[in-house]
Amino acid sequence: MYSSNIIYPVALIGTTTQACNLLYPLCEDLKGILYMPEQLSLIDERTCHYKDPLKDHLTDIFPKNRALIFCLSAGAVIRLITPLLRNKAYDPSIIVVDPKGRFVISLCGGHQGRANKLTQLIASYLNAEPVITGVSNTLDLPGIDILGLPFGWRKGPGKWKDISYAIACQKTVQIIQEGGSSFWKKNFLNSDNFNFYSSNTIKAHTSASAASIIISPKKYHLDQKSNISTIQWHPRVLWVGVGCTRGASYKLISDAISKVFNRYNLALESIAGIASVDLKKDEVGIVKYCQLKQLPLFTYPVKTLNKVNVPNPSAIVKQELGTASVAEASAIYSSNYFFDNKTVLLVSKEIIKFNNHAVTIAIAQSDIEYTGRQGKLYLVGIGPGSLEQITPAAKKAITEADAIVGYSLYLELIKTLLHPGQIIEDLPITEEEQRAEKAIKLAQWGLNVVVISSGDCGIYAMGGLVLEKLENTHKKDNIIDIKIFPGITALQAAAARVGTPLMHDFCAISLSDLLTPWNVIKKRLEAAAQGDFVTAIYNPKSKTRIHQIIAAQTIFLKYRNPHTPVALVRCAYRKNETIILTTLDEMLEYYIDMLTTVLIGSDSTFFYKDLIITPRGYHHSKIQK
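Residues numbered from 1 in each chain as written. Predicted model: local features only at pLDDT ≥ 70, side-chain atom pairs only at ≥ 80, totals over all residues. Heavy atoms only, no water.

### Some words on the pattern of salt bridges
Note the following rule: The term salt bridge refers to a pairing of a side-chain nitrogen on Lys or Arg with a carboxyl oxygen on Asp or Glu at a separation within 4 Å. Relative accessibility thresholds used throughout: buried, under 20% of the residue-type maximum; exposed, over 50%; partly exposed, between the two (1.4 Å probe, protein chains only).
Applying the stated criterion across every chain yields a total of 16 salt bridges. Note that Asp-60 and Lys-64 form a salt bridge whose closest N and O atoms lie 3.0 Å from each other. Classification of Asp-60 by relative accessible area gives partly exposed; the value is 40%. Among the residues examined, Lys-64 registers a relative accessible area of 54% and is labelled exposed. Ionic pairing is found between Glu-283 and Lys-280, a salt bridge with its closest N-O pair at 3.2 Å. By the burial criterion, Glu-283 is buried, and Lys-280 matches it.

What follows is the structure, given as structure tokens:
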């Protein structure tokens, strides 16, 4: 089953002390083992000696690992691995880190081995330059041989190498989709070399292109002698409802399904799952078929199936089981189980008889494919905006994600961490709720989804909103993995740029009244000012909301000395960073907007050269004096 995460285990190979010191920090995050020659000292349980010559040692570990990371010259690595390479579908991915840690090179297994993603991840750890030379990456396109893996698609027949070559040569390629979602399409829209068609034009346009990609639950018999290179991806959109007499064998179930699929030219690879009534949950033939074909089996109570409108109800089945339909009702219900979507009963029930047994088959097609994966929802804080300020864990989450949801400005800040094939949802800054709902839906569908926020995701950011929405939409039988990755907050970043203004008690107040009434904000400003808290003000001023920052200054001047130090930090750690050190009475003479964090000192805060300092205790405070 596809996993968007880096494939483990990972072997790291260093031949010098310098190389091992460079690679060792990667061991824990990549769950890898660092191999080194005997003359070097082991560090801990994540390091291991190799006694034989490296060439012989690689013969042993090559088939046992899904990724090998070398800190060695690329030429040496090529000579070492060449005798071991067999097939790109099974060989481990090979990554090379130059001995000074300046470059990380994806050498082999870029697509199917996930080496490109791993290269980006390692480069982000080492602050190095990722070197990815694959044509797809150069064209900013996902690899066509892994295009459907995040969505649970299965490969059909075709000239896969020829398609990749046609794309590399930037020849015209037609893409025909007859089923499944179209999230993947956005990656191809910027290229003029791809033409998109629906099923009713498939024959009319086949001859107009050099290559053809068919995304369909149908099974097409491709002409291998044709000059047009064609491949098939099969989205898992077909839900097979099955009814049978008690004791029907695996062979009877398998033969019945295959017979119906062949009759309607449908691909078995497009089966999402098997469905039936609860009474069949232990039916040996059905259970065995699902086990051998690695398909989920969903069974439903009679009262559930009775609610489904079917075209061919049966009075006999109703009398025997309590429901007028098993195959049709369970197929239709399953296709709508995870999401409310358009469903087509593609094949009405067909009864296949075998001597003393009968198997009933019905097929419903959903417009959303079944991924077969547990979704992940990661809430990630990217800090103030500089890549160096993002935690390694957050970088890893972003690099491994199938989908990234966030505000366009923040997506631009992490652009170098993204890779072709990721779903990018860049909803505007005023559509936070839509962003949260989109992320939850994608995660419930089975994708690995990252929601990014500037600063920390749990402080004036998307984290809380996503979890609030999740409470109302989360299905207990559609579990998703939720993790939160903290980031450097705006107030921390701003404080670090001007000194140590937050060394004593402080608080943060947002002046935005979109979600909080202004009278509540005023009350908090009064309390902070009167309580002598160092105060960080978020969202101080927008184009249409200008009076709040004026009111905030007025409130603080009631309780603070006019010469109280104030810092105005805009876009901390970004290219257009500006820092202004001023005082409480003069702060409004400078430019302030939504990207500015305002730090107002306490009664004990003071200037020292170009720094603002708040003493850790009150022994120097004017209050004590």
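Having seen it, we continue.
### Focus on the UniProt feature "domain: Cobalamin synthesis G N-terminal" (unreviewed entry) in the protein chain
As a reminder of what qualifies: UniProt positions are given in the numbering used here, feature names are shortened, and annotations may be inferred rather than shown by experiment. Helix and strand definitions here come from DSSP, where helices need a minimum of 4 consecutive H or I residues and strands a minimum of 2 consecutive E residues; each element is numbered from the N-terminal end.
UniProt tags residues 57-136 as "domain: Cobalamin synthesis G N-terminal" (unreviewed entry). Each end of residues 57-136 is marked by a C-alpha atom, and these two atoms are 33 Å apart; helix forms 34% of the span and strand 25%.

### Here we look at the environment of Gln-553
Heads up, the rule is: The definition of a polar contact used here is a pair of N or O atoms within 3.5 Å, where within protein one atom must be able to donate a hydrogen and the other to accept one, and adjacent residues in sequence count solely through side-chain atom pairs.
Examined against the element boundaries, Gln-553 turns out to sit in helix α20 (residues 547-559). With 33 residues separating them in the primary sequence, Gln-553 and Glu-586 have C-alpha atoms 9.6 Å apart. Within polar-contact distance, the side chain of Gln-553 engages the backbone oxygen of Leu-584 at 2.9 Å.

### With respect to helix α19 (residues 518-530)
Filter applied, for reference: In a helix, the anticipated span is given by 1.5 Å times the number of residues less one. Note on contacts: a residue pair qualifies if any of its non-hydrogen atoms lie within 4.5 Å across the two residues.
Compared with an ideal rise of 1.5 Å per residue, which puts 13 residues at 18 Å, α19 spans 18 Å between its outermost C-alpha atoms and is within 8% of the ideal. Residues of α19 that are buried sit in contact with β24 (506-510), β25 (534-538) and α20. Two residues or fewer past α19, Asp-532 is found with a positive phi of approximately 65°.

### What to know about the packing of aromatic side chains
Put simply, the test is: When the centres of two rings from Phe, Tyr and Trp lie within 6.5 Å, Trp using its six-membered ring, the rings pair. Their planes under 30 degrees apart give stacked, over 60 give edge-to-face, and anything left gives tilted. Criterion for a charge above a ring: Lys NZ or Arg CZ within 6 Å of the ring centre, and within 35 degrees of the ring normal.
One pass over the full model with this rule turns up 16 aromatic pairs. Taken together, a centroid distance of 6.1 Å and an interplanar angle of 35° make the contact between Tyr-250 and Tyr-289 tilted. Taken together, the positions of Tyr-250 in helix α9 (residues 250-263) and Tyr-289 in helix α10 (residues 284-293) put the pair 39 residues apart, joining distant regions of the chain. With centroids separated by 5.1 Å and ring planes inclined at 85°, the aromatic side chains of Tyr-407 and Tyr-410 adopt a geometry described as edge-to-face. These aromatic residues form a ring-pair network of at least three members: Phe-151, Trp-153, Trp-160, Phe-183, Trp-184, Phe-188, Phe-194, Phe-196, Trp-233 and Trp-445. Over the ring of Trp-160 we find Lys-155, and its NZ or CZ is 4.9 Å from the ring centre. Directly above the aromatic system of Tyr-573 lies the positively charged group of Arg-497, at a separation of 4.6 Å from the ring centroid.

### Digging into the domain arrangement of the protein chain
Under the convention used in this document: Throughout the structure description, domain borders are defined by an automatic or database domain assignment.
Domains assigned within the protein chain are domain 1 (10-133), domain 2 (149-234), domain 3 (240-365), domain 4 (376-488) and domain 5 (495-613). Domain 1 and domain 3 are separated by 48 Å when their C-alpha centres are compared.

### Here we look at the pairing of strand β26 (residues 565-570)
Heads up, the rule is: A pair of strands is treated as paired once DSSP finds two or more bridges between them.
Buried residues dominate β26, accounting for six of its six residues. Here β26 runs beside strand β27 (residues 578-583); their pairing, made up of six bridges, is antiparallel. Bridged to Leu-568 within β27 is Ile-580.

### Regarding the nonpolar core
Let me state the cut-off plainly: Throughout, nonpolar core names a set of buried Ala, Val, Leu, Ile, Met, Phe, Trp, Tyr and Cys residues whose side chains join them through atoms within 4.5 Å.
By size, the foremost hydrophobic cluster in this structure holds 38 residues, and its most contacted members are Ile-144, Trp-184, Ile-213, Leu-377, Val-449, Val-451 and Val-466. For this core, the element with the highest residue contribution is helix α16 (residues 432-445), accounting for six residues. Here this core spans two domains, since at least three of its residues come from each of domain 2 (149-234) and domain 4 (376-488). The contacts of Ile-213, once residues within four sequence positions are left out, are Ile-144, Ile-163, Val-173, Gln-174, Ile-175, Ile-176, Ile-231 and Trp-233. Ranked by size, the runner-up nonpolar core spans 26 residues in total, among them Leu-40, Ala-67, Ala-115 and Ala-128.

### Quick word on the sheet that holds strand β9 (residues 173-177)
What counts here: Angles here are taken between N-to-C directions and fall from 0 to 180 degrees, while the axes themselves are lines fitted to C-alpha atoms, restricted in helices to the stretch in contact.
Read across the open sheet, the five strands follow the order β8-β12-β11-β9-β10; overall the sheet is mixed. Both edges of this open sheet fall to β8 (154-158) and β10 (194-197), since each of them pairs with a single strand only. When strand polarity is set aside, the average angle formed by the axes of neighbouring strands in this sheet is 20°. Its contacts with the sheet put helix α7 (residues 160-168) on β8, β9, β10, β11 (211-215) and β12 (229-234), and the angle it makes with β12 is roughly 110°.

### Brief notes about unusual backbone geometry
Positioned with a positive phi, Asp-140 is a non-glycine residue whose angle comes to about 60°. Positive phi values are uncommon outside glycine, yet Asn-539 reaches one of about 45°. Position of Asn-539 relative to the elements: it lies in the loop between β25 and α20.

### Considering α7
The cut-off we apply is this: The directions from the helix axis to the C-beta atoms form the arc being described.
Here α7 has its buried residues at Trp-160, Ile-163, Ala-166 and Ile-167. Around the axis of α7, the buried residues are gathered within 120° of arc, so they sit on the same side. Turned more than 90 degrees off the buried face of α7, the exposed positions are Lys-161 and Tyr-165. Close packing links the buried residues of α7 with β8, β9, β10, β11 and β12. Directly after α7, the chain includes Gln-170, whose backbone phi takes a positive value near 55°.

### Describing the sheet that holds strand β5 (residues 93-97)
Paired through backbone hydrogen bonds, the strands of a sheet run either parallel or antiparallel to each other. Spatially, the seven strands line up as an open sheet ordered β3-β2-β1-β4-β5-β6-β7, and their pairing is mixed. What marks the edges here is a single partner per strand, and that holds for β3 (47-50) and β7 (129-132). Put simply, the sheet's adjacent strands are angled 25° from each other on average, direction ignored. In this structure, strand β2 (residues 32-37) lies alongside β3, joined through four bridges in parallel fashion. When the sheet's bridge partners are listed, Tyr-35 is paired in β3 with Cys-48. Contacts from helix α3 (residues 54-61) reach β1 (10-14), β2, β3 and β4 (67-71) within the one sheet, and its direction differs from that of β1 by about 175°. Contacts from helix α5 (residues 115-126) reach β4, β5, β6 (103-108) and β7 within the one sheet, and its direction differs from that of β6 by about 165°.

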